[in-house]
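Structural features, examined
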Amino acid sequence: MVRSTVIRLFGLALGVTLIAGCGGTDAPKQAGTSDNSVSGAPSSTPLPPAPGALPRIAVLATGGTIAGKSTPGSGVGYTAGQASAQDLIDAVPGIDKIATLQPEQVANVGSQDMTEEIWLTLARRINQVFADNAADGVVVTHGTDTIEETAFFLDNVVGGDKPVVLAGAMRPATALSPDGPANLRAAVTVAAAPQARGRGAMVVLNDTIHGARDVTKTHTTSVQTFVSPNSGPEGYVDTGSVRFVKSPLPHQRPRFRLPDAAPLPRVDIVYSHAGMRADQVHDAVGHGAKGIVLAGVGDGNTAKSVIDALAAANDDRVVVRSTRVGAGEVMRNAEINDDELGFVTSADLNPPKSRVLLQLLLANDITDPTRVQQEFATR
Ligand code: SIN
């Protein structure tokens, strides 16, 4: 709904016709190339599992609080990324009745230390698993702090229609009542569900299924921290059922070509506040940023001197106006003349996800502001 609104408005603003999910076929397409296949993505219809067989789910672990253990003698303290993929599975009684699980340790970090190298490794591995028809779905365990960025990255680079479900936890594995085992069980249940196909990457915590574009973390410690502020959750999961409340997108979106190696093009986020000066912009330019995302106040606005600095920076790089407000869309040409200044607006993408998308666009040589704007409206 949000996406189609943005497409319509922006289509009117630019006089272009945009079609959501313009792939229109089962084959994933790449943005920025004429090639219709994603490297390592499935090129043919996978064989269904043998009759009566359990779905096969690969569990790729990356760390986070879900794999966290208490630090001896530290009271509430714990260290993220301690337990292994197999440890996480072993903590969920009966999970082997839902799916045949294939654990793999991709990394074991707190997600504040998530890197572009790990993103690329993860995406390549998932594309390979699907290309080999080695699993019917993938679950990624991940720290909650940056799970929304990884989910959005994977959503844009993993081909095919099999589900990729990210799960985390707000309490470490050694807590009095850890939420990780229930979240992992829920994520596996979703990844194993036939109706999860064609929905891209999702985040599952606290019995709720969120789409990668919409989901965001809203509370520092509560188990009810993830929301989809602009369009609501994709659905719900409990021990007995998976219930989607939104339809899947009608067609698969083109996926980006996965960059061969890190680093991705540098994109900096500058955070607006009362009394802001242009120093953050000068710093980003000075450090070689190829793109700048403004975490603006309100509708993506900021101080006049910062707008001037962004407009000057715009000659050699792409500037995207996003907002530090947790919900709503940044509208083109409302408070700021984007057409005149050459800015892109982020639609409903928050600053970290705007950064991920701009990095992928720049890595795929998509730099023209009109084209970049189209991608922000439709991804
Ligand atoms: C992290 O993001 O790795 C730590 C916090 C968490 O997983 O909830």
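One can find the structure itself at the top, above this paragraph.
The rules behind each value
- Residues numbered from 1 in each chain as written.
- Predicted model: local features only at pLDDT ≥ 70, side-chain atom pairs only at ≥ 80, totals over all residues.
- Heavy atoms only, no water.
- Pairing = 2+ DSSP bridges.
- Helix = DSSP H or I, 4+ residues; strand = E, 2+ residues; numbered from the N terminus.
- Axes fitted to C-alpha atoms, helices over the stretch in contact; angles between N-to-C directions.
- Contact = heavy atoms within 4.5 Å.
- Buried < 20%, exposed > 50% of the residue type's maximum accessible area, 1.4 Å probe, protein only.
- Polar contact = N/O pair within 3.5 Å; in protein donor to acceptor, adjacent residues only side chain to side chain.
- Near = heavy atom within 4 Å.
- Areas by Shrake-Rupley, 256 points an atom, 1.4 Å probe, with all protein chains shown as cover.
- Nonpolar A, V, L, I, M, F, W, Y, C, P; charged D, E, K, R; others polar.
- Salt bridge = Lys/Arg side-chain N within 4 Å of Asp/Glu carboxyl O.

Brief notes about the sheet that holds strand β2 (residues 56-63)
Read across the open sheet, the 8 strands follow the order β5-β2-β6-β7-β8-β9-β12-β13; overall the sheet is mixed. Both outer strands of the open sheet, β5 (100-109) and β13 (242-244), are each paired with one neighbouring strand and no more. Strand after strand, the sheet turns through a mean of 25° between neighbouring axes, direction not considered. Pairing between strand β9 (residues 208-211) and strand β12 (residues 235-237): 2 bridges, direction antiparallel. Within β12, the residue paired with Ile209 across the bridge is Gly235. Across the sheet, helix α5 (residues 180-191) lies against β2, β5, β6 (137-141), β7 (164-167), β8 (201-205), β9, β12 and β13, angled at about 160° from β6, the strand it touches most.

Some details on the sheet that holds strand β15 (residues 267-271)
Strand-to-strand pairing in sheets goes through backbone hydrogen bonds, with the strands running parallel or antiparallel. Reading across the sheet, the 4 strands line up as β15-β16-β17-β18 and stay open at both edges, with parallel pairing between neighbours. The open sheet has two edge strands, β15 and β18 (344-345), and neither has a second partner. Sheet topology note: the strand β16 (residues 291-296)/strand β17 (residues 318-323) ladder contains 6 bridges and is parallel. Following the sheet pairing, Ala295 is matched in β17 by Ser322. Lying on the sheet, helix α9 (residues 351-363) is in contact with β15, β16 and β17; it crosses β16 at an angle near 165°.

Considering the environment of Pro194
Among the secondary structure elements, Pro194 is positioned in the loop between α5 and β8. The spatial distance from the C-alpha of Pro194 to the C-alpha of Gly137 is 9.6 Å, given a sequence separation of 57 residues.

Brief notes about the environment of Arg317
Structurally, the position occupied by Arg317 is in the loop between α7 (304-313) and β17. On the basis of relative accessible area, Arg317 is assigned to the buried category, the value being 14%. Taking C-alpha positions, Arg317 is 7.5 Å from Ile292, a pair spaced 25 residues apart along the chain. Every residue in contact with Arg317, bar those within four places of it in the chain, is listed here: Val285, Ala289, Lys290, Gly291 and Ile292. A polar atom in the side chain of Arg317 sits 2.9 Å from the backbone oxygen of Ala289. At 2.9 Å, the side chain of Arg317 and the backbone oxygen of Ala313 are in polar contact.

A few points about the site of the ligand
Close to the ligand lie Gly64, Thr65, Gly110, Ser111, Gln112, Gly143, Thr144, Asp145 and Ala169, which account for all nearby residues. Residue Thr65 places a main-chain N or O atom 3.0 Å away from an oxygen atom belonging to the ligand. Within the side chain of Ser111, a nitrogen or oxygen atom sits 2.5 Å from an oxygen atom of the ligand. Across the complex, the protein chains shield 93% of the 250 Å² of accessible surface that the ligand would expose by itself. Tallied by class, residues from the shell around the ligand come to 1 nonpolar, 7 polar and 1 charged.

Points about the pattern of salt bridges
Per the counting criterion, the structure on display carries 16 salt bridges. With its nearest N and O atoms 2.7 Å apart, the salt bridge here joins Glu104 to Arg125. One end of the pair, Glu104, is in strand β5; the other, Arg125, is in helix α3 (residues 116-131), and 21 residues separate them in sequence. Here Glu234 and Arg199 are joined by a salt bridge, their closest N and O atoms 3.1 Å apart.

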